[in-house]
2 protein chains.
Amino acid sequence: MNQYDRVYNFSAGPSMLPVPVLERCRDEMLNYNGTGMSVMEMSHRSKPFIAISKRAETLLREVMEIPENYKVLFMQGGASLQFAALPINLRCNGAADYVRSGNFSTIASKEAAKFIKVNIAGSSEATAFDHTPLQEELTLDPQADYVHICMNNTIYGTKFPYIPKTGKVPLVADISSCILSEPIDVSRFGVLYAGVQKNLAPAGMAIVIIRDDLLHEPAAETPLMLNYKLMADKDSMYNTPNCWSIYVTMLVLEYLQSIGGVDEMARRNKKKADLLYGFLDESAFYIAGARPDCRSMMNVIFRTDSPDLDAKFVAGAAERGLLTLKGHRVLGGMRASIYNNMPYEGVELLVDYMRAFEKENG
Amino acid sequence: MNQYDRVYNFSAGPSMLPVPVLERCRDEMLNYNGTGMSVMEMSHRSKPFIAISKRAETLLREVMEIPENYKVLFMQGGASLQFAALPINLRCNGAADYVRSGNFSTIASKEAAKFIKVNIAGSSEATAFDHTPLQEELTLDPQADYVHICMNNTIYGTKFPYIPKTGKVPLVADISSCILSEPIDVSRFGVLYAGVQKNLAPAGMAIVIIRDDLLHEPAAETPLMLNYKLMADKDSMYNTPNCWSIYVTMLVLEYLQSIGGVDEMARRNKKKADLLYGFLDESAFYIAGARPDCRSMMNVIFRTDSPDLDAKFVAGAAERGLLTLKGHRVLGGMRASIYNNMPYEGVELLVDYMRAFEKENG
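Residues numbered from 1 in each chain as written. Chains lettered and ligands numbered in written order. Predicted model: local features only at pLDDT ≥ 70, side-chain atom pairs only at ≥ 80, totals over all residues. Heavy atoms only, no water.

(A) View of the nonpolar core. In terms of nonpolar packing, the biggest core is built from 196 residues, with Met64, Trp244 and Phe313 of chain A together with Met64, Trp244 and Phe313 of chain B touching the most fellow members. Core analysis: the next-biggest nonpolar cluster, separate from the first, contains 65 residues, Met75 and Ala112 of chain A together with Val172 and Tyr193 of chain B among them. (Core = buried A, V, L, I, M, F, W, Y, C linked by side-chain atoms within 4.5 Å. Buried < 20%, exposed > 50% of the residue type's maximum accessible area, 1.4 Å probe, protein only.)

What follows is the structure in structure tokens.
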């Protein structure tokens with residue numbers, strides 16, 4: 001790390017990338033793999049770029065063990081564009097179940113309501129989204145076109161500790177802030193989608209993993225760029241895709257595979273989260289945000305009992321190279337996003353600082 | 001160039017970037033400006049990134065002399081998403097005039113027809129898009145919500161040699177393949193928009209320059225990511241934008257300003273185009289594609305009288321480091337895209353090769 005005077009960036013996203021990946025971006029910047037050009041300059045229809053895109057998809061299929069009957073789409077617009085694309089592409093009966101577990105799941109449900117009837121099948125809003133609704137808290141409609149959840153809730157620091165059972169209704173999950181953080185059984189889902197800017201690549205792209213029986217021609221007035229069927233038929237190259245983000249996705253997946261894949265990543269993530277939550281649970285000074293049974297391994301919410309102390313904590317952390325720890329404005333306090341590419345050392349330094357800060361101010 | 005064994009890439013887009021820009025991308029990759037992180041890793045809400053985004057906008061306003069009553073939006077999805085966003089955001093009376101001058105203007109008109117009534121106000125399809133319709137060829141509706149043109153037609157190598165007069169109806173122009181190539185009077189337009197991957201930055205973003213009286217709340221069912229008003233109100237950061245592309249936009253604009261701005265760029269582009277068209281006009285071996293009064297300075301279309309010779313030409317060029325000269329499949333032949341960042345030397349080498357090829361095969 002310190003070779004480049006780098007900081008530990010706890011941003012909720014965009015977020016840290018592995019140093020070896022950044023080194024490759026740097027080293028290949030003027031001339032990628034003997035092509036005589038940067039990846040940024042390549043025609044998306046050229047052989048070298050198509051090879052990059054195919055390799056990114058192949059690697060994703062390998063590390064996530066994506067079954068063959070699923071398509072992988074690289075789409076522009078981030079997860080927010082998918083909030084509209086999902087109801088537009090998946091509507092049949094014209095109604096869907098949405099589970100509200102935080103900010104983005106609520107936005108997703110409101111966006112979907114522009115296009116289909118939305119049933120709020122469960123919500124933890126009454127307890128300030130301190131947990132993800134449990135299976136027994138869900139009221140599911142067996143005629144729904146799909147059930148939508150947001151798997152990991154970045155702002156509230158929660159994650160579904162289980163995969164909801166939805167019978168024959170396809171389950172759709174936004175996994176933007178937990179993709180590749182631990183193994184996930186793709187076959188349990190109709191659609192998985194994720195903005196890439198947390199665990200994978202620079203912002204400006206979403207990955208959509210969709211079971212192929214759900215791909216059908218959407219309504220005639222669907223914008224071209226929101227049409228899953230078209231994107232699947234065109235291998236995500238209906239128009240020029242976000243080539244740079246696809247390239248970095250490939251590099252990050254190569255790196256992930258080189259360290260042992262998602263199993264090893266999950267082990268590392270658990271070790272980081274255990275260290276931080278373990279410290280929080282022992283401390284009488286800090287208050288952890290999320291209900292313990294739904295804690296996210298990616299976003300750890302905590303605060304002191306004083307907004308002034310919280311501000312002092314965040315400022316002091318920045319002086320030590322521990323950046324972007326301020327909590328989201330709706331919660332205040334602190335948020336440590338410890339995504340895949342946050343090294344263990346970063347969390348160790350954070351806990352050391354938390355301990356020292358508590359001693360000084362407790 | 002040769003310091004890095006780089007080629008001359010004549011791709012229609014994505015396309016070449018200035019070497020000094022690539023060097024900065026390389027040098028700042030692990031640690032941007034003392035922040036301790038890559039631009040790819042920065043929160044889009046962080047001070048360093050907001051400074052980058054603001055500077056990109058300020059530079060664009062300076063070099064294009066954008067009047068104050070225009071908003072600049074950085075949107076995801078490329079120009080293709082704008083084909084839908086334009087009618088959705090600009091519809092009032094519910095009809096618009098579209099001029100068909102090639103492939104993308106035709107797609108834009110078909111996409112718009114999903115949302116409003118589209119009048120084809122002019123078309124050069126009958127002559128295989130060999131020119132852009134002249135003012136006297138246009139039949140404009142004074143009640144139209146807007147008139148849409150594609151200023152430079154990448155596939156057919158044409159460019160409007162004039163700005164259509166549309167009375168009080170706002171003129172909307174896709175300038176994806178000619179933005180910043182020469183001065184343009186922004187005040188003549190209601191909206192200018194461009195995918196960035198030809199003259200500016202890596203793919204995955206479109207710039208929208210819109211007169212502020214045209215910004216109003218679109219229909220309730222408009223997807224969030226297509227809402228100009230929302231994007232303007234949020235300084236293009238409703239969600240996480242394509243930060244990397246915004247950063248490279250800033251670097252390219254800094255470079256452009258350092259060499260003398262758009263005036264100097266236009267002089268260089270004219271010199272390159274004059275060299276190539278001058279040679280084509282003198283040659284009895286090559287056939288130039290576009291009508292001379294509508295020739296594009298960016299995309300030069302030509303062929304021999306034999307598809308086999310064309311293929312041989314393209315293969316031989318690649319051996320000399322002159323890449324991606326194959327014409328679009330609808331036209332065949334060759335296309336040399338000589339965008340802003342193609343050096344004069346690249347065109348010189350191309351003409352040298354064309355001369356030698358003619359001698360050998362003519």
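The structure having been displayed, the exposition proceeds.
(B) Quick peek at the sheet that holds strand S3 (residues 95-100) of chain A. Residues and elements named next belong to chain A. An order of S2-S10-S9-S8-S5-S3-S4 is seen for the seven strands of this open sheet, with the pairing classed as mixed. Strand pairing shows two members of the sheet lacking a second neighbour, strand S2 (70-76) and strand S4 (117-123), which therefore form its edges. Strand-to-strand, the axes of this sheet are offset by a mean angle of 20°, without reference to chain direction. Relative to strand S9 (residues 191-195), strand S8 (residues 171-174) runs parallel, the two being bridged by three bridges. Its bridge partner lying in S9, Asp174 is registered against Tyr193. Helix-sheet contacts for helix H3 (residues 78-90) involve S2, S3, strand S5 (147-150), S8, S9 and strand S10 (205-211), and the interaxial angle to S9 is about 155°. (Pairing = 2+ DSSP bridges. Helix = DSSP H or I, 4+ residues; strand = E, 2+ residues; numbered from the N terminus. Axes fitted to C-alpha atoms, helices over the stretch in contact; angles between N-to-C directions. Contact = heavy atoms within 4.5 Å.)

(C) Structural detail: the pattern of salt bridges. All names here are of chain A. On inspection of all chains with the given rule, the structure shows 34 salt bridges over all chains. Asp27 is paired through a salt bridge with Arg26; the nearest N and O atoms lie 2.8 Å apart. One salt-bridge network, in which partners are shared between bridges, spans Arg24, Glu28, Arg55 and Glu254. (Salt bridge = Lys/Arg side-chain N within 4 Å of Asp/Glu carboxyl O.)

(D) Helix H6 (residues 243-259) of chain A, seen in detail. With 17 residues, H6 of chain A ought to run about 24 Å at 1.5 Å a step, and its terminal C-alpha atoms sit 25 Å apart, in line with that. With 14 of its 17 residues buried, H6 of chain A lies for the most part within the structure. (Expected span 1.5 Å × (residues − 1).)

(E) Representation of unusual backbone geometry within the structure. For the peptide bond that leads from Gly13 of chain A to Pro14 of chain A, omega is -10°, which places it in the cis range. One can find Pro14 of chain A in the loop between strand S1 (8-9) and helix H1 (19-27). Phi at Glu65 of chain A is positive, roughly 50°, even though this residue is not glycine. Overall, Glu65 of chain A belongs to the exposed group, its relative accessible area being 68%. The backbone of Asp5 of chain B shows a phi angle near 55°, a positive value even though the residue is not glycine. Judged by its relative accessible area of 60%, Asp5 of chain B is exposed.

(F) Seen up close, the relation of the copies chain B and chain A. With an RMSD of 0.0 Å, the fit of chain B onto chain A corresponds to turning through 180° and sliding 0.0 Å along the axis. Look at the turn and shift together and you get a two-fold axis relating the two. Every residue of chain B has its C-alpha some distance from the rotation axis, and the shortest such distance is that of Arg26 of chain B, at 2.3 Å. Same-surface contact between copies: 100% of interface residues of chain B are shared with the interface of chain A. (Least-squares fit on C-alpha atoms with pLDDT ≥ 70 in both.)

(G) Region of interest: the interface of chain B and chain A. Taken residue by residue, the interface counts 60 residues in chain B and 60 residues in chain A. Overall, the association of chain B and chain A removes approximately 4600 Å² of surface from exposure, summing both partners, and the carbon and sulfur fraction of that is 63%. For chain B, the biggest contributors to the area lost against chain A are Leu30, Met40 and Glu41 of chain B; these three give 16% of the whole. A salt bridge links Glu41 of chain A to Arg6 of chain B; the nearest nitrogen and oxygen atoms lie 2.7 Å apart. At the junction of chain B and chain A, the tally comes to 26 residue pairs in polar contact (both at pLDDT 80 or more). Taken together, the elements giving at least two residues each to the side of chain B that touches chain A come down to helix H1 (19-27), helix H3 (78-90), helix H4 (103-112) and helix H6 (243-259) of chain B. Looking at the side of chain B that touches chain A, the element that brings in the most residues is H1 of chain B, giving five residues. Of the residues assigned to the side of chain B that touches chain A, the class counts are 31 nonpolar, 21 polar and eight charged. (Buried area = accessible area lost by both parts, 1.4 Å probe. Polar contact = N/O pair within 3.5 Å; in protein donor to acceptor, adjacent residues only side chain to side chain. Nonpolar A, V, L, I, M, F, W, Y, C, P; charged D, E, K, R; others polar.)

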